[in-house]
Amino acid sequence: MCRKQKEGDYDIVTGTRYAGEGGVYGWDLKRKFMSRTANYITQLLLRPGITDLTGSFRLYRKRVFRQLILSCVSKGYVFQMEMMVRARKNNLTIAEVPITFVDRFYGESKLGGDEILGFLKGLAYLFATT
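Keep in mind that this is a model prediction, so the values were computed, not measured.

Draft legend 1. How the structure looks around the overall build of the protein chain. What the protein chain contains, in helices and strands, is five helices and five strands. For the protein chain, the N- to C-terminal ordering of α and β elements is α-β-β-α-β-α-α-β-β-α. Taken against the 2.2 N^0.38 rule, which gives 14 Å for 130 residues, the C-alpha radius of gyration of the protein chain at 14 Å falls within 12% of a compact globule. Judged by the C-alpha coordinates and their principal axes, the protein chain covers about 35 × 35 × 25 Å. Going through the 130 residues of the protein chain one by one, you find that 37% of them count as buried. Long-range pairs, those at least 24 residues apart, make up 73% of the contacts in the protein chain with a sequence separation of at least 6. Only carbon and sulfur atoms are counted for the fraction: they give 56% of the accessible area of the protein chain, which is about 8,200 Å². Of note, the protein chain has its 21 positive side-chain charges centred 5 Å away from the centre of its 12 negative side-chain charges.

If you want it as structure tokens, here you go:
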């Protein structure tokens, strides 16, 4: 990620599971489907031009992070999406690098009904306000 940032002097470099050699390891079919669907719906409605909006492995320039964090209102999974949508709206430069995400060995995912509802509400809010 650091190498990619230096190559293109990008404002943000984000890891993507959905381009190049990226991928996931250890997810069941339901979780893969939900992640892909969330990214697909977001691409249709918000057109951010980034392949993995729900991932959180990112490198930000300090000033860019400060700028974006002050404008974000979302919480939970939607926060990751809002950061990228606002970055695109502000014409910030974004690069992607393939990553392989390995599911946790301990603990459980927080993804449940409340998070899905929060995602849909956040998506509607971003669609209406950006």
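Draft legend 2. Focus on the pattern of salt bridges. Scanning all chains against the criterion turns up five salt bridges. Note that D11 and R61 form a salt bridge whose closest N and O atoms lie 3.6 Å from each other. Of this pair, D11 sits in the loop between α1 (2-8) and β1 (12-16) while R61 sits in the loop between β3 (58-60) and α3 (62-71); the two residues are 50 residues apart in sequence, bridging distant segments of the chain. Classification of D11 by relative accessible area gives buried; the value is 10%.

Draft legend 3. Local environment of helix α2 (residues 29-46). Here α2 is 18 residues long and its end C-alpha atoms lie 25 Å apart, about the 26 Å a rise of 1.5 Å per residue gives. Taken as a whole, α2 has its buried residues at R31, S35, A38, N39, T42 and L46. Projected down its long axis, α2 shows its buried positions confined to an angular sector of 90°, all on one face. Turned more than 90 degrees away from the buried face of α2, the exposed residues are L29, K30, F33 and Y40. Of the surrounding elements, those touching the buried residues of α2 are α4 (77-89), β5 (100-102) and α5 (113-129). Positive backbone phi, approximately 50°, marks R47, located one or two places after α2.

Draft legend 4. Summary view of a nonpolar patch on the surface. On the surface, Y40, L44, L45 and F127 cluster together into a nonpolar patch covering about 420 Å² of accessible area. When residues of the nonpolar patch are assigned to their parent elements, the largest contribution, three residues, is made by α2. With respect to the secondary-structure elements, L44 resides in helix α2.

Draft legend 5. Main features of the packing of α4 against α5. At a closest axis distance of 9 Å, the pairing of α4 and α5 adopts a crossing angle of 20°. The angle between α4 and α5 falls in the class roughly parallel. Where α4 crosses over α5, the two elements pack in a sense that is right-handed. Taken together, the residues of α5 that come into contact with α4 (itself represented by Y77, V78, M81, E82 and R86) are E115, G118, F119, G122, L123, Y125, L126 and T129. Residue composition of the contact of α4 with α5, by class: seven nonpolar, three polar and three charged.

About the criteria used
Residues numbered from 1 in each chain as written. Predicted model: local features only at pLDDT ≥ 70, side-chain atom pairs only at ≥ 80, totals over all residues. Heavy atoms only, no water. Helix = DSSP H or I, 4+ residues; strand = E, 2+ residues; numbered from the N terminus. Rg over C-alpha atoms; globule rule 2.2 N^0.38 Å. Buried < 20%, exposed > 50% of the residue type's maximum accessible area, 1.4 Å probe, protein only. Contact = heavy atoms within 4.5 Å. Areas by Shrake-Rupley, 256 points an atom, 1.4 Å probe, with all protein chains shown as cover. Lys, Arg positive; Asp, Glu negative; His and termini not counted. Charge placed at Lys NZ, Arg CZ, Asp CG, Glu CD. Salt bridge = Lys/Arg side-chain N within 4 Å of Asp/Glu carboxyl O. Expected span 1.5 Å × (residues − 1). Arc of directions from axis to C-beta. Patch = residues over 30% accessible without salt bridge, like charges linked within 9 Å, V, L, I, M, F, W, Y side chains within 5 Å. Axes fitted to C-alpha atoms, helices over the stretch in contact; angles between N-to-C directions. Parallel < 35°, antiparallel > 145°, perpendicular 65-115°, else oblique. Left-handed = near helix turned anticlockwise from the far one by under 90°. Nonpolar A, V, L, I, M, F, W, Y, C, P; charged D, E, K, R; others polar.

Nothing here speaks to function; it is geometry throughout.
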